[in-house]
Amino acid sequence: MLSSSENLHIIESLGLIIVSHNNLLDQQSVERVITDLKSNPLFRKEYSILIDIRKANTGLNFAEIEDLSHFVFDKIDDTGLNKFAILTSESLLNKAVQYVRSYKHSSKYQVFSALEPALHWLKVPQDRKSQIDLKLSYLNQ
């Protein structure tokens, strides 16, 4: 069953996948995104992914976050994705950073509280920022 709380959009010209979580963030919701991604005909292995959790609500404690990060690491590693940027709010920043610290390859995973540095790190031209911002706003509805 597909959930309306995750939204996924692929921008082929940028090799970028945008995912928006605007509801509950847990292992089930993450698993659905990964499954949706793998079954998407537009998906290419070398793409990068930007995950927006600024509007997500997560009641996870640090131990659960660590479990989730190991789960994602195991699953995402075999998708062959290039880079993994997490866009988060100030209130979730510590949780997201903790999440990435639990990963094995921090060069592939970074946490950002603003879109511009995330796009810069993903090597997405800044002139595409408004397009991506618009898409995120749309996905967050």
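Read on for an overview of the structure.

Procedures and definitions
- Counting restarts for each chain: residues are numbered from 1 in the order of the written sequence.
- It should be noted that, the model being predicted, local features are given only for residues of pLDDT at least 70 and side-chain atom pairs only at 80 or more, the latter also being counted only at that level, while totals for whole chains, interfaces and linings use all residues.
- To obtain the side-chain values, all non-hydrogen atoms of the structure were included, while hydrogens and water were left out.
- Any carboxyl oxygen of Asp or Glu that lies within 4 Å of a side-chain nitrogen of Lys or Arg is treated as forming a salt bridge with it.
- Labels follow the DSSP assignment, with helices taken as runs of H or I lasting at least four residues and strands as runs of E lasting at least two, numbered in each case from the N terminus.
- Under the scheme applied here, a residue whose accessible area is under 20% of the maximum for its type counts as buried, over 50% as exposed, and between as partly exposed, the area being computed with a 1.4 Å probe on protein chains only.
- What counts as a ring pair is set by centres within 6.5 Å for rings of Phe, Tyr and Trp (its six-membered ring), and what kind of pair is set by the plane angle: stacked under 30 degrees, edge-to-face over 60, tilted for all other angles.
- Throughout this description, the term nonpolar core refers to a set of buried Ala, Val, Leu, Ile, Met, Phe, Trp, Tyr and Cys residues connected via side-chain atoms within 4.5 Å.
- In this analysis, two residues are considered to be in contact whenever any of their non-hydrogen atoms come within 4.5 Å of each other.

1. Examining the pattern of salt bridges
Side chains bearing opposite charge may pair, as long as their charged atoms lie close to each other.
Part 1 of the reasoning: If you walk through the whole model with that rule in mind, you get three salt bridges.
Part 2 of the reasoning: Here Lys129 ties to Glu116 by a salt bridge, and the two come within 3.8 Å at their closest N and O atoms. Taken together, the residues span a long stretch of sequence, with Lys129 in helix 5 (residues 129-139) and Glu116 in helix 4 (residues 115-121) at a distance of 13 residues.
Part 3 of the reasoning: Here Asp133 and Lys129 are joined by a salt bridge, their closest N and O atoms 3.8 Å apart. Of this pair, Asp133 and Lys129 both sit in helix 5, four residues apart, roughly one helical turn.
Part 4 of the reasoning: The class for Asp133 is partly exposed, based on a relative accessible area of 28%.

2. Digging into the packing of aromatic side chains
Part 1 of the reasoning: The tally for this structure, following the rule as stated, stands at two aromatic pairs.
Part 2 of the reasoning: Arranged with centres 5.8 Å apart and planes meeting at 45°, the rings of Phe112 and Trp121 form a pair that is tilted.
Part 3 of the reasoning: Take Trp121: its relative accessible area is 18%, and that puts it in the buried class.

3. Considering the nonpolar core
Part 1 of the reasoning: If you look at the biggest cluster of nonpolar residues, it comprises 28 residues, and the most contacted ones within it are Ile17, Ile49, Ile53, Leu81 and Phe84.
Part 2 of the reasoning: Residue assignment for this core shows that the elements contributing at least two residues are strand 2 (16-21), helix 1 (27-39), strand 3 (48-52), helix 2 (62-77), strand 4 (84-87), helix 3 (90-101) and strand 5 (109-112).
Part 3 of the reasoning: Among the elements that take part in this core, helix 2 stands out by supplying six residues, more than any other.
Part 4 of the reasoning: Ignoring any residue separated from it by four or fewer positions in sequence, one finds Leu81 in contact with Ile17, Leu37, Phe43, Lys45, Tyr47, Ile49, Ile76 and Lys108.
Part 5 of the reasoning: Core analysis: the next-biggest nonpolar cluster, separate from the first, contains 17 residues, Ile18, Leu50, Leu87 and Ala118 among them.

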